[in-house]
Amino acid sequence: GKLPELRRISADYAPVGSLGDLNKCHELTHASFVGASCNDLSVFRPLTKIQSVAFSSCSLSDIAQVLDMSSLRSVRLYDCNLSGSFFRAFDRERAITELELVDCTVDSTSGLNDFTGLTVLRLTGTRGVSDWSELDSLTALKTVYIDEGLSDCFTGEHQFEIIKE
């Protein structure tokens, strides 16, 4: 726990609680906890410089306090149930430039139009929403990654590139 200057941590599959004084790493900007338990993320509260996070197998309520951090720029989520108001859970959604939702469940795009800084969106394997038309209002959006399951949701012309994975 004596790493106050730590800027990046990739502790995939390690329980967040086993990482000691992570909350004292005030310079931390990037954290990846894919495969780790997401049931107590209060350790992130004092980390005001965190810009990039990655989690898996979480619910919206598990990660809500992290999404509320104003320093976030990139969020990567894998196999998460984001039912509820996922796109409304962010504090500074305009600052998010990269959002990756892989094998996630999302039940609403309400609030997605507020992600005006978003440049890359990955929706591979994401289910629950068939109308992604709010993306057309995001003028900064350059690339959307989808899979076959979302092909029917992205027909017609868009100002962003659609890449099927």
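Higher on the page you've got the structure.
In this text the structure is predicted, and so the values were computed from the model without any measurement. (Residues numbered from 1 in each chain as written. Predicted model: local features only at pLDDT ≥ 70, side-chain atom pairs only at ≥ 80, totals over all residues. Heavy atoms only, no water.)

Novice: Give me the lowdown on the packing of aromatic side chains, citing residues and values where you can.
Specialist: For the structure on display, the rule yields eight aromatic pairs. Relative to F44, the ring of F33 has its centre 5.8 Å away and its plane inclined at 85 degrees; by these criteria the two rings are edge-to-face. One end of the pair, F33, is in strand β2 (residues 30-33); the other, F44, is in the loop between β2 and β3 (52-56), with 11 residues separating them in the sequence. You can call F33 buried: its relative accessible area is 0%. Take F44: its relative accessible area is 1%, and that puts it in the buried class. Geometrically, the ring pair formed by F44 and F55 is edge-to-face, given 5.8 Å between the ring centres and 80 degrees between the ring planes. Within this pair, whereas F44 is found in the loop between β2 and β3, its partner F55 is found in strand β3, the two being separated by 11 residues in sequence. (Phe/Tyr/Trp six-rings, centres within 6.5 Å; stacked < 30°, edge-to-face > 60°. Helix = DSSP H or I, 4+ residues; strand = E, 2+ residues; numbered from the N terminus. Buried < 20%, exposed > 50% of the residue type's maximum accessible area, 1.4 Å probe, protein only.)

Novice: Lay out the state of the cysteines with the relevant residues and their values.
Specialist: Going through the model one piece at a time under the given rule, you end up with zero disulfides. Looking at C80, it has no disulfide partner, and the nearest cysteine sulfur is the one in C58, 4.6 Å off. With relative accessibility at 2%, the residue C80 sits in the buried group. (Disulfide = S-S within 2.5 Å.)

Novice: Break down the side chain of T109 for me, with residues and values.
Specialist: As for its placement among the helices and strands, T109 is situated in the loop between β5 (98-102) and β6 (120-122). With near-sequence residues (within four places) excluded, T109 lies in contact with F87, V129, D131, W132 and E134. (Contact = heavy atoms within 4.5 Å.)

Novice: Which residues make up the sheet that holds β6, and what values go with them?
Specialist: Pairing is parallel across the open sheet formed by eight strands, whose spatial order is β1-β2-β3-β4-β5-β6-β7-β8. The outermost strands of the open sheet, each flanked by one partner alone, are β1 (8-10) and β8 (161-164). Averaged over all pairs of adjacent strands, the angle between strand axes in this sheet comes to 10 degrees, irrespective of strand direction. Two elements, β5 and β6, share three bridges in a ladder whose sense is parallel. Bridge assignment links L99 to a residue of β6, and that residue is L121. (Pairing = 2+ DSSP bridges. Axes fitted to C-alpha atoms, helices over the stretch in contact; angles between N-to-C directions.)

Novice: Quick one: what's the story with the nonpolar core, residue by residue and with numbers?
Specialist: In terms of nonpolar packing, the biggest core is built from 52 residues, with F44, F55, L77, F86, L99, L101 and L135 touching the most fellow members. Mapped onto this core, the elements with two or more residues apiece are β2, β3, α1 (60-67), β4 (74-78), β5 and β7 (143-146). By residue number, the principal contributor to this core is α1, which donates four residues. (Core = buried A, V, L, I, M, F, W, Y, C linked by side-chain atoms within 4.5 Å.)

Novice: Outline the pattern of salt bridges, listing residues and values.
Specialist: For the structure on display, the rule yields eight salt bridges. Ionic pairing is found between R7 and E27, a salt bridge with its closest N-O pair at 3.8 Å. Remark: E27 occurs in the loop between β1 and β2 and R7 occurs in the segment before β1; sequence separation between them is 20 residues. Residue classification places R7 among the partly exposed positions, given a relative accessible area of 44%. (Salt bridge = Lys/Arg side-chain N within 4 Å of Asp/Glu carboxyl O.)

Novice: Account for the environment of T126, naming residues and giving values.
Specialist: Among the structural elements, T126 can be located in the loop between β6 and β7. Spatially, the C-alpha atom of T126 lies 20 Å from that of D114, the residues being 12 residues apart in sequence. When neighbours within four sequence positions are excluded, T126 is seen to be in contact with L101, V102, D103, C104, V106 and L150. Within the structure, T126 has its side chain in polar contact with the backbone oxygen of L101 (distance 2.5 Å). (Polar contact = N/O pair within 3.5 Å; in protein donor to acceptor, adjacent residues only side chain to side chain.)

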